[in-house]
Amino acid sequence: MEKPESSRRPPAKRESCLQREDSKRQRVSTLAEVSGGLEGKSSGFLRTSLIRELRNVLDEYPDDGQILKEMIQNAEDARAKCVKILADSRTFPSDEDTQRTEGNPYLQFFQGPALCVYNNEQFQEKDWEGIRRLHTSVKEKDPLKVGRFGLGFKSVFHLTDRLVIISGQFMMFMDPFKGANGDCTRQRLAERKSRELQYCLDKIFLSEFPRSHGADFDSDFFSGTLFWFPLRQQKSELSDTLYTEKSLKDLLQAFKTEASSMLLFLQNLERIEVHERDYTGTKPVFTVELSEKCVNAVRAERSRFKNSIRAASEQLPLAPVCSRSEVEMQLSDLHGRFQNKERWLVVNYLAGRQSASEQLLRLCRDSNLCYQPHVGVAMPLGGQHNFRVTSSVSSHCPWR
(Lines give C-alpha, C1' and ligand atoms only; values in the text may rest on other atoms or scores of the structure.)
Protein backbone atom coordinates (compact mmCIF):
# COMPACT_ATOMS: atom_id res chain seq x y z
CA MET A 1 0.00 0.00 0.00
CA GLU A 2 1.41 3.35 -1.03
CA LYS A 3 1.99 5.97 1.68
CA PRO A 4 0.21 9.34 1.51
CA GLU A 5 2.00 12.13 -0.25
CA SER A 6 2.48 14.09 2.98
CA SER A 7 4.30 11.22 4.75
CA ARG A 8 6.84 10.63 2.06
CA ARG A 9 10.41 11.75 2.83
CA PRO A 10 12.28 13.69 0.21
CA PRO A 11 15.10 11.71 -1.36
CA ALA A 12 18.42 12.10 0.44
CA LYS A 13 21.04 14.09 -1.34
CA ARG A 14 24.28 12.31 -2.04
CA GLU A 15 27.35 14.02 -0.62
CA SER A 16 30.40 14.20 -2.78
CA CYS A 17 33.79 13.07 -1.46
CA LEU A 18 34.87 16.70 -1.15
CA GLN A 19 31.74 17.58 0.87
CA ARG A 20 32.34 14.67 3.26
CA GLU A 21 35.96 15.71 3.77
CA ASP A 22 34.86 19.30 4.50
CA SER A 23 32.32 18.05 7.03
CA LYS A 24 34.98 15.86 8.69
CA ARG A 25 37.42 18.78 8.92
CA GLN A 26 34.71 20.93 10.55
CA ARG A 27 34.07 18.26 13.22
CA VAL A 28 37.78 17.92 13.95
CA SER A 29 38.07 21.70 14.18
CA THR A 30 35.16 21.82 16.62
CA LEU A 31 36.77 19.13 18.81
CA ALA A 32 40.03 21.04 18.78
CA GLU A 33 38.24 24.18 19.95
CA VAL A 34 36.61 22.26 22.81
CA SER A 35 39.93 20.72 23.77
CA GLY A 36 41.49 24.17 23.68
CA GLY A 37 38.86 25.26 26.19
CA LEU A 38 40.33 22.61 28.53
CA GLU A 39 43.76 24.23 28.26
CA GLY A 40 44.66 22.02 25.31
CA LYS A 41 46.24 19.28 27.48
CA SER A 42 45.47 15.57 27.31
CA SER A 43 44.55 13.93 30.60
CA GLY A 44 43.68 10.46 31.88
CA PHE A 45 40.88 9.20 34.04
CA LEU A 46 40.70 10.58 37.53
CA ARG A 47 41.77 7.88 39.99
CA THR A 48 41.43 7.52 43.73
CA SER A 49 44.56 7.69 45.83
CA LEU A 50 46.48 4.57 46.85
CA ILE A 51 45.36 5.10 50.44
CA ARG A 52 41.72 5.16 49.35
CA GLU A 53 42.16 2.00 47.27
CA LEU A 54 43.76 0.21 50.22
CA ARG A 55 40.94 1.32 52.50
CA ASN A 56 38.50 -0.23 50.01
CA VAL A 57 40.48 -3.47 50.15
CA LEU A 58 40.36 -3.46 53.96
CA ASP A 59 36.57 -3.07 53.80
CA GLU A 60 36.42 -6.34 51.83
CA TYR A 61 38.63 -8.42 54.14
CA PRO A 62 37.90 -9.01 57.85
CA ASP A 63 40.28 -7.93 60.57
CA ASP A 64 40.77 -11.36 62.13
CA GLY A 65 42.75 -14.56 61.64
CA GLN A 66 42.41 -14.07 57.87
CA ILE A 67 45.60 -11.99 57.98
CA LEU A 68 47.71 -14.96 59.07
CA LYS A 69 45.86 -17.28 56.70
CA GLU A 70 46.95 -15.04 53.83
CA MET A 71 50.58 -15.36 54.96
CA ILE A 72 50.21 -19.14 55.12
CA GLN A 73 48.73 -19.22 51.62
CA ASN A 74 51.58 -17.13 50.25
CA ALA A 75 54.17 -19.41 51.85
CA GLU A 76 52.34 -22.41 50.38
CA ASP A 77 52.43 -20.84 46.92
CA ALA A 78 56.18 -20.29 47.34
CA ARG A 79 56.51 -24.06 48.02
CA ALA A 80 57.84 -23.41 51.51
CA LYS A 81 57.98 -26.29 54.00
CA CYS A 82 57.95 -24.20 57.17
CA VAL A 83 56.36 -20.95 58.43
CA LYS A 84 57.41 -19.20 61.65
CA ILE A 85 55.33 -16.44 63.20
CA LEU A 86 56.71 -14.11 65.87
CA ALA A 87 54.76 -11.69 68.07
CA ASP A 88 57.39 -9.18 69.24
CA SER A 89 56.11 -7.06 72.14
CA ARG A 90 59.27 -4.97 72.56
CA THR A 91 59.01 -1.22 72.06
CA PHE A 92 61.34 0.15 69.41
CA PRO A 93 62.70 2.72 69.04
CA SER A 94 63.21 3.52 72.71
CA ASP A 95 63.88 7.07 73.91
CA GLU A 96 67.58 6.27 73.88
CA ASP A 97 67.41 4.95 70.31
CA THR A 98 65.55 8.06 69.16
CA GLN A 99 68.18 10.36 70.65
CA ARG A 100 71.04 8.37 69.15
CA THR A 101 69.46 8.10 65.70
CA GLU A 102 67.65 11.38 65.27
CA GLY A 103 66.56 11.76 61.68
CA ASN A 104 67.01 8.04 60.88
CA PRO A 105 64.62 7.44 57.92
CA TYR A 106 64.43 3.69 58.61
CA LEU A 107 62.99 3.94 62.13
CA GLN A 108 59.42 4.21 60.83
CA PHE A 109 59.78 0.77 59.19
CA PHE A 110 61.50 -1.06 62.05
CA GLN A 111 59.20 -0.08 64.87
CA GLY A 112 57.96 -2.36 67.62
CA PRO A 113 55.75 -3.93 68.87
CA ALA A 114 55.48 -5.87 65.62
CA LEU A 115 54.39 -9.05 63.90
CA CYS A 116 57.06 -10.97 62.01
CA VAL A 117 56.42 -13.84 59.58
CA TYR A 118 59.15 -16.04 58.08
CA ASN A 119 59.13 -18.88 55.55
CA ASN A 120 62.05 -20.89 54.19
CA GLU A 121 61.71 -19.98 50.49
CA GLN A 122 62.96 -16.91 48.62
CA PHE A 123 61.13 -14.44 46.41
CA GLN A 124 61.46 -14.86 42.67
CA GLU A 125 61.61 -11.76 40.49
CA LYS A 126 57.95 -12.14 39.56
CA ASP A 127 57.08 -12.12 43.27
CA TRP A 128 58.74 -8.73 43.79
CA GLU A 129 56.59 -7.51 40.91
CA GLY A 130 53.44 -9.25 42.08
CA ILE A 131 53.50 -7.92 45.62
CA ARG A 132 53.36 -4.38 44.23
CA ARG A 133 50.16 -5.13 42.32
CA LEU A 134 46.94 -4.06 43.97
CA HIS A 135 44.16 -5.70 41.96
CA THR A 136 45.90 -8.63 40.27
CA SER A 137 48.43 -11.25 41.32
CA VAL A 138 51.15 -13.41 39.81
CA LYS A 139 49.19 -16.59 40.55
CA GLU A 140 46.76 -16.16 37.69
CA LYS A 141 48.33 -18.63 35.27
CA ASP A 142 49.37 -21.22 37.87
CA PRO A 143 46.68 -23.74 38.85
CA LEU A 144 48.58 -24.72 42.02
CA LYS A 145 48.74 -21.24 43.52
CA VAL A 146 46.07 -20.35 46.04
CA GLY A 147 46.45 -16.63 46.56
CA ARG A 148 49.90 -15.28 46.02
CA PHE A 149 50.08 -11.53 46.71
CA GLY A 150 46.62 -10.70 45.43
CA LEU A 151 44.12 -8.49 47.21
CA GLY A 152 44.14 -10.77 50.25
CA PHE A 153 47.74 -9.99 51.11
CA LYS A 154 46.89 -6.30 51.38
CA SER A 155 44.73 -7.18 54.40
CA VAL A 156 47.94 -6.89 56.45
CA PHE A 157 47.30 -3.14 56.39
CA HIS A 158 44.63 -3.80 59.01
CA LEU A 159 47.48 -3.92 61.53
CA THR A 160 50.27 -1.83 60.00
CA ASP A 161 50.91 1.34 58.00
CA ARG A 162 54.31 0.30 56.64
CA LEU A 163 56.21 -2.94 56.22
CA VAL A 164 59.57 -4.44 55.35
CA ILE A 165 60.27 -7.56 53.26
CA ILE A 166 63.67 -9.28 53.23
CA SER A 167 64.22 -12.16 50.83
CA GLY A 168 67.18 -13.57 48.93
CA GLN A 169 69.37 -10.72 47.71
CA PHE A 170 66.87 -7.92 48.32
CA MET A 171 65.06 -5.83 50.89
CA MET A 172 61.89 -3.86 50.13
CA PHE A 173 60.27 -1.00 52.06
CA MET A 174 56.54 -0.47 51.44
CA ASP A 175 55.06 2.88 52.45
CA PRO A 176 51.66 3.75 50.88
CA PHE A 177 51.89 7.28 52.30
CA LYS A 178 54.68 8.17 49.89
CA GLY A 179 54.10 9.24 46.31
CA ALA A 180 53.74 6.84 43.40
CA ASN A 181 57.50 6.83 42.83
CA GLY A 182 58.45 5.96 46.39
CA ASP A 183 55.80 3.70 47.91
CA CYS A 184 57.85 0.54 47.18
CA THR A 185 61.63 0.85 47.43
CA ARG A 186 63.84 -2.18 46.83
CA GLN A 187 67.58 -2.44 47.40
CA ARG A 188 70.19 -5.19 47.43
CA LEU A 189 71.40 -6.47 50.78
CA ALA A 190 74.94 -6.11 49.41
CA GLU A 191 74.38 -2.34 49.07
CA ARG A 192 73.17 -1.66 52.63
CA LYS A 193 76.01 0.66 53.57
CA SER A 194 73.84 3.01 55.59
CA ARG A 195 74.72 3.08 59.30
CA GLU A 196 71.13 4.05 60.09
CA LEU A 197 69.79 0.93 58.36
CA GLN A 198 72.39 -1.36 59.91
CA TYR A 199 71.56 0.05 63.35
CA CYS A 200 67.87 -0.91 62.90
CA LEU A 201 68.71 -4.39 61.63
CA ASP A 202 71.02 -5.04 64.57
CA LYS A 203 68.52 -3.78 67.13
CA ILE A 204 65.59 -5.76 65.75
CA PHE A 205 67.13 -9.01 64.55
CA LEU A 206 70.18 -9.73 66.70
CA SER A 207 70.14 -11.64 70.01
CA GLU A 208 67.88 -14.72 70.03
CA PHE A 209 65.89 -13.91 66.91
CA PRO A 210 68.39 -15.24 64.32
CA ARG A 211 68.52 -18.67 65.97
CA SER A 212 64.77 -19.06 66.22
CA HIS A 213 63.86 -17.69 62.78
CA GLY A 214 66.90 -18.39 60.63
CA ALA A 215 67.81 -14.71 60.23
CA ASP A 216 71.39 -13.97 59.22
CA PHE A 217 72.19 -10.45 58.07
CA ASP A 218 75.98 -10.79 58.07
CA SER A 219 75.89 -11.98 54.45
CA ASP A 220 74.52 -10.49 51.24
CA PHE A 221 71.88 -13.22 50.88
CA PHE A 222 68.97 -14.08 53.18
CA SER A 223 67.93 -17.73 53.00
CA GLY A 224 64.17 -17.39 53.16
CA THR A 225 61.59 -14.60 53.23
CA LEU A 226 60.87 -12.38 56.22
CA PHE A 227 58.01 -9.88 56.67
CA TRP A 228 58.16 -7.24 59.41
CA PHE A 229 54.85 -5.53 60.23
CA PRO A 230 55.09 -2.74 62.86
CA LEU A 231 51.79 -2.63 64.75
CA ARG A 232 49.75 0.54 64.25
CA GLN A 233 49.89 2.52 67.51
CA GLN A 234 48.09 5.66 66.33
CA LYS A 235 45.15 6.26 64.04
CA SER A 236 46.17 7.08 60.48
CA GLU A 237 44.61 8.04 57.18
CA LEU A 238 44.81 4.37 56.20
CA SER A 239 42.97 2.92 59.21
CA ASP A 240 41.59 3.77 62.65
CA THR A 241 42.37 0.27 63.94
CA LEU A 242 45.01 0.17 66.67
CA TYR A 243 46.89 -3.03 67.46
CA THR A 244 48.01 -3.62 71.04
CA GLU A 245 49.89 -6.53 72.57
CA LYS A 246 46.51 -8.00 73.57
CA SER A 247 45.16 -7.59 70.03
CA LEU A 248 48.11 -9.54 68.68
CA LYS A 249 47.68 -12.33 71.23
CA ASP A 250 43.99 -12.58 70.33
CA LEU A 251 44.97 -12.85 66.67
CA LEU A 252 47.36 -15.71 67.43
CA GLN A 253 44.78 -17.48 69.58
CA ALA A 254 42.19 -17.33 66.79
CA PHE A 255 44.81 -18.69 64.40
CA LYS A 256 45.74 -21.54 66.76
CA THR A 257 42.23 -23.01 66.66
CA GLU A 258 42.49 -23.54 62.88
CA ALA A 259 46.22 -24.09 62.37
CA SER A 260 46.11 -27.90 62.38
CA SER A 261 43.31 -28.15 59.81
CA MET A 262 45.12 -25.67 57.52
CA LEU A 263 47.95 -28.11 56.86
CA LEU A 264 45.58 -30.90 55.84
CA PHE A 265 44.75 -29.52 52.38
CA LEU A 266 48.04 -27.78 51.53
CA GLN A 267 50.47 -29.42 49.13
CA ASN A 268 53.80 -28.06 50.40
CA LEU A 269 53.72 -26.77 53.99
CA GLU A 270 54.57 -29.27 56.73
CA ARG A 271 55.18 -27.16 59.83
CA ILE A 272 53.88 -23.93 61.43
CA GLU A 273 55.56 -22.42 64.49
CA VAL A 274 54.35 -19.51 66.63
CA HIS A 275 56.71 -17.62 68.98
CA GLU A 276 56.51 -14.66 71.35
CA ARG A 277 59.34 -12.27 72.15
CA ASP A 278 59.80 -9.75 74.94
CA TYR A 279 62.80 -8.19 76.68
CA THR A 280 63.65 -11.52 78.32
CA GLY A 281 63.96 -13.43 75.06
CA THR A 282 62.04 -15.54 72.53
CA LYS A 283 59.69 -18.32 73.68
CA PRO A 284 57.77 -20.90 71.62
CA VAL A 285 53.98 -20.71 71.95
CA PHE A 286 52.83 -23.68 69.86
CA THR A 287 53.84 -25.80 66.88
CA VAL A 288 51.69 -27.71 64.39
CA GLU A 289 53.39 -30.18 62.06
CA LEU A 290 53.09 -33.44 60.19
CA SER A 291 54.43 -36.16 62.46
CA GLU A 292 57.59 -38.07 61.57
CA LYS A 293 55.46 -41.18 61.32
CA CYS A 294 53.57 -39.96 58.24
CA VAL A 295 55.62 -37.12 56.72
CA ASN A 296 57.48 -39.16 54.06
CA ALA A 297 54.34 -40.92 52.84
CA VAL A 298 52.39 -37.64 52.74
CA ARG A 299 55.21 -35.93 50.79
CA ALA A 300 55.17 -38.70 48.18
CA GLU A 301 51.38 -38.58 47.78
CA ARG A 302 51.36 -34.77 47.60
CA SER A 303 54.09 -34.85 44.96
CA ARG A 304 52.16 -37.34 42.82
CA PHE A 305 49.01 -35.25 43.00
CA LYS A 306 50.83 -31.98 42.21
CA ASN A 307 52.56 -33.54 39.20
CA SER A 308 49.16 -34.66 37.87
CA ILE A 309 47.80 -31.11 38.16
CA ARG A 310 50.87 -29.55 36.51
CA ALA A 311 50.70 -32.04 33.66
CA ALA A 312 47.11 -30.94 33.03
CA SER A 313 47.71 -27.20 33.40
CA GLU A 314 46.16 -26.43 30.02
CA GLN A 315 43.26 -28.87 30.30
CA LEU A 316 41.84 -31.53 32.58
CA PRO A 317 43.38 -35.02 32.46
CA LEU A 318 41.41 -37.63 30.55
CA ALA A 319 40.71 -39.68 33.69
CA PRO A 320 40.16 -38.35 37.24
CA VAL A 321 43.14 -38.17 39.59
CA CYS A 322 42.67 -39.12 43.23
CA SER A 323 45.09 -39.15 46.17
CA ARG A 324 44.50 -40.66 49.60
CA SER A 325 46.66 -40.13 52.70
CA GLU A 326 46.44 -40.94 56.38
CA VAL A 327 47.79 -37.81 58.04
CA GLU A 328 48.92 -37.55 61.65
CA MET A 329 49.02 -33.95 62.88
CA GLN A 330 51.19 -33.21 65.90
CA LEU A 331 50.47 -30.20 68.14
CA SER A 332 52.98 -29.09 70.80
CA ASP A 333 52.66 -26.45 73.49
CA LEU A 334 55.07 -23.71 74.56
CA HIS A 335 57.23 -26.19 76.53
CA GLY A 336 57.67 -28.46 73.52
CA ARG A 337 55.54 -31.24 75.03
CA PHE A 338 53.22 -33.17 72.73
CA GLN A 339 49.79 -31.83 73.64
CA ASN A 340 47.89 -33.86 71.11
CA LYS A 341 48.08 -35.97 67.99
CA GLU A 342 45.25 -35.91 65.49
CA ARG A 343 44.75 -38.55 62.82
CA TRP A 344 42.92 -37.74 59.59
CA LEU A 345 42.01 -39.45 56.36
CA VAL A 346 42.57 -36.87 53.59
CA VAL A 347 41.34 -37.39 50.03
CA ASN A 348 42.09 -35.02 47.13
CA TYR A 349 40.24 -35.38 43.84
CA LEU A 350 40.81 -33.77 40.44
CA ALA A 351 38.02 -34.17 37.88
CA GLY A 352 38.76 -35.78 34.50
CA ARG A 353 37.41 -34.91 31.07
CA GLN A 354 35.59 -38.25 30.81
CA SER A 355 33.42 -37.57 33.85
CA ALA A 356 33.19 -33.75 33.86
CA SER A 357 30.04 -31.99 32.70
CA GLU A 358 30.08 -29.75 29.65
CA GLN A 359 29.52 -26.71 31.86
CA LEU A 360 32.54 -27.61 33.99
CA LEU A 361 34.68 -28.15 30.91
CA ARG A 362 33.72 -24.71 29.56
CA LEU A 363 34.74 -23.11 32.85
CA CYS A 364 38.07 -24.95 32.83
CA ARG A 365 38.81 -23.75 29.31
CA ASP A 366 38.11 -20.13 30.25
CA SER A 367 41.51 -18.37 30.06
CA ASN A 368 40.31 -15.69 32.49
CA LEU A 369 39.88 -18.22 35.30
CA CYS A 370 42.98 -20.46 35.06
CA TYR A 371 41.95 -22.84 37.83
CA GLN A 372 41.66 -26.59 37.93
CA PRO A 373 38.62 -28.07 39.74
CA HIS A 374 39.93 -30.18 42.58
CA VAL A 375 38.40 -30.82 45.96
CA GLY A 376 39.79 -32.09 49.25
CA VAL A 377 37.89 -33.90 52.00
CA ALA A 378 39.24 -34.81 55.45
CA MET A 379 37.67 -37.22 57.93
CA PRO A 380 38.81 -37.48 61.58
CA LEU A 381 40.19 -40.86 62.62
CA GLY A 382 41.08 -40.05 66.22
CA GLY A 383 42.65 -37.62 68.66
CA GLN A 384 40.41 -34.65 67.85
CA HIS A 385 39.23 -32.79 70.95
CA ASN A 386 35.80 -31.10 70.95
CA PHE A 387 35.35 -31.94 67.28
CA ARG A 388 31.83 -30.85 66.31
CA VAL A 389 31.57 -31.76 62.64
CA THR A 390 32.16 -35.00 60.83
CA SER A 391 34.51 -33.70 58.13
CA SER A 392 36.32 -30.72 56.68
CA VAL A 393 36.21 -29.74 53.02
CA SER A 394 38.48 -27.59 50.84
CA SER A 395 37.69 -26.75 47.22
CA HIS A 396 39.72 -25.17 44.42
CA CYS A 397 37.29 -24.64 41.55
CA PRO A 398 37.11 -22.36 38.49
CA TRP A 399 34.06 -20.48 39.78
CA ARG A 400 35.52 -19.87 43.22
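Reading the values: the criteria
Residues numbered from 1 in each chain as written. Predicted model: local features only at pLDDT ≥ 70, side-chain atom pairs only at ≥ 80, totals over all residues. Heavy atoms only, no water. Helix = DSSP H or I, 4+ residues; strand = E, 2+ residues; numbered from the N terminus. Buried < 20%, exposed > 50% of the residue type's maximum accessible area, 1.4 Å probe, protein only. Contact = heavy atoms within 4.5 Å. Salt bridge = Lys/Arg side-chain N within 4 Å of Asp/Glu carboxyl O. Axes fitted to C-alpha atoms, helices over the stretch in contact; angles between N-to-C directions. Parallel < 35°, antiparallel > 145°, perpendicular 65-115°, else oblique. Left-handed = near helix turned anticlockwise from the far one by under 90°. Nonpolar A, V, L, I, M, F, W, Y, C, P; charged D, E, K, R; others polar. Expected span 1.5 Å × (residues − 1). Bend = angle between axes of the 7 residues up to and from the residue. Pairing = 2+ DSSP bridges. Phe/Tyr/Trp six-rings, centres within 6.5 Å; stacked < 30°, edge-to-face > 60°. Lys NZ or Arg CZ within 6 Å of the ring centre and 35° of its normal. Core = buried A, V, L, I, M, F, W, Y, C linked by side-chain atoms within 4.5 Å.

**Student:** Just give me the short version of the overall build of the protein chain, but keep the residues and values in it.
**Tutor:** Assigned secondary structure in the protein chain consists of ten helices and twelve strands. Sorting the 400 residues of the protein chain into buried and exposed places 46% on the buried side. Residue pairs in contact within the protein chain that sit at least 24 positions apart in sequence constitute 71% of those at least 6 positions apart.

**Student:** Pulling in residues and values, what's your account of the pattern of salt bridges?
**Tutor:** Per the stated rule, a full pass over the model turns up 13 salt bridges. Among the salt bridges present, the one from Lys 69 reaches Glu 258, with a minimum N-O distance of 3.1 Å. Pair noted here: Lys 69 is in helix 3 (residues 66-77) and Glu 258 is in helix 8 (residues 245-264), with a separation of 189 residues, a long-range link. Residue Lys 69 is classed as partly exposed on the basis of its relative accessible area of 24%. According to the relative accessible area criterion, Glu 258 is partly exposed, its value standing at 35%. A salt bridge links Asp 175 to Arg 162; its shortest N-O distance comes to 3.1 Å. Residue Asp 175 is found in the loop between strand 4 (170-174) and strand 5 (184-188), and its partner Arg 162 is found in the loop between helix 5 (125-130) and strand 3 (163-168); the two are separated by 13 residues along the sequence. The exposure class of Asp 175 is buried, given its relative accessible area of 2%.

**Student:** Help me get a handle on the packing of helix 3 against helix 8, residues and values and all.
**Tutor:** Between helix 3 and helix 8, the least distance of the axes is 9 Å, while the angle of their chain directions is 40°. Judged by the inter-axis angle, helix 3 sits oblique to helix 8. Relative to helix 8, helix 3 is oriented so that their crossing is right-handed. Where helix 3 approaches helix 8, its residues Leu 68, Lys 69 and Ile 72 are matched on the opposing element by Leu 251, Leu 252, Phe 255, Glu 258 and Met 262. Taken together, the residues that form the contact of helix 3 with helix 8 break down as six nonpolar, no polar and two charged.

**Student:** Could you give an account of helix 8, with specific residues and numbers?
**Tutor:** Relative to the 28 Å expected for 20 residues at 1.5 Å per residue, helix 8 spans 30 Å between its end C-alpha atoms, a close match to the ideal helical length. Its axis deflected by about 45° at Glu 258, helix 8 carries its strongest bend there. Every buried residue of helix 8 is listed here: Leu 248, Leu 251, Leu 252, Phe 255, Ala 259, Ser 260, Met 262, Leu 263 and Leu 264.

**Student:** Let's hear about the pairing of strand 4: which residues, and what values?
**Tutor:** Taken across its five residues, strand 4 has five buried, putting it largely inside the fold. With burial as the criterion, each face of strand 4 is covered, one bearing Phe 170, Met 172 and Met 174 and the other bearing Met 171 and Phe 173. Pairing between strand 3 and strand 4: five bridges, direction antiparallel. Directly across from Ser 167, in strand 4, lies its bridge partner Phe 170. The turn joining strand 3 and strand 4, which pair antiparallel and follow one another in sequence, is formed by one residue. Of the strand pairs in this sheet, strand 4 and strand 5 are connected by five bridges, and their pairing is antiparallel. Paired with Met 174 across the strands is Cys 184, a residue of strand 5.

**Student:** Please set out the packing of aromatic side chains residue by residue, giving values where relevant.
**Tutor:** In this description, a pair of aromatic rings is defined by centroid distance and the angle of the planes. Enumeration according to the criterion identifies eight aromatic pairs in this entry. Ring centres 6.0 Å apart and planes at 75° place the aromatic pair Trp 128 and Phe 170 in the edge-to-face group. Here Trp 128, found in helix 5, pairs with Phe 170, found in strand 4; they are 42 residues apart in sequence, far enough to count as distant. Taking relative accessible area as the criterion, Phe 170 reaches 12% and is therefore assigned buried. Through pairs of rings, three or more aromatic residues link up here, namely Phe 123, Trp 128, Phe 170, Phe 227 and Phe 229. Its guanidinium or amino end placed over the ring of Phe 170, Arg 186 lies 3.9 Å from that ring's centre, counting from NZ or CZ.

**Student:** Let's hear about the nonpolar core: which residues, and what values?
**Tutor:** Counting residues in each nonpolar core, the largest one holds 58 residues, and the members touching the most others are Ile 85, Leu 115, Phe 229 and Phe 255. Counting residues in hydrophobic clusters, the runner-up holds 23 residues, among them Phe 92, Phe 110, Leu 197 and Trp 228.

**Student:** Break down unusual backbone geometry for me, citing the residues and quoting the values.
**Tutor:** The omega torsion across Gly 112 and Pro 113 is 10°, close enough to zero to call that bond cis. You can see Pro 113 is positioned in strand 2 (residues 112-119).

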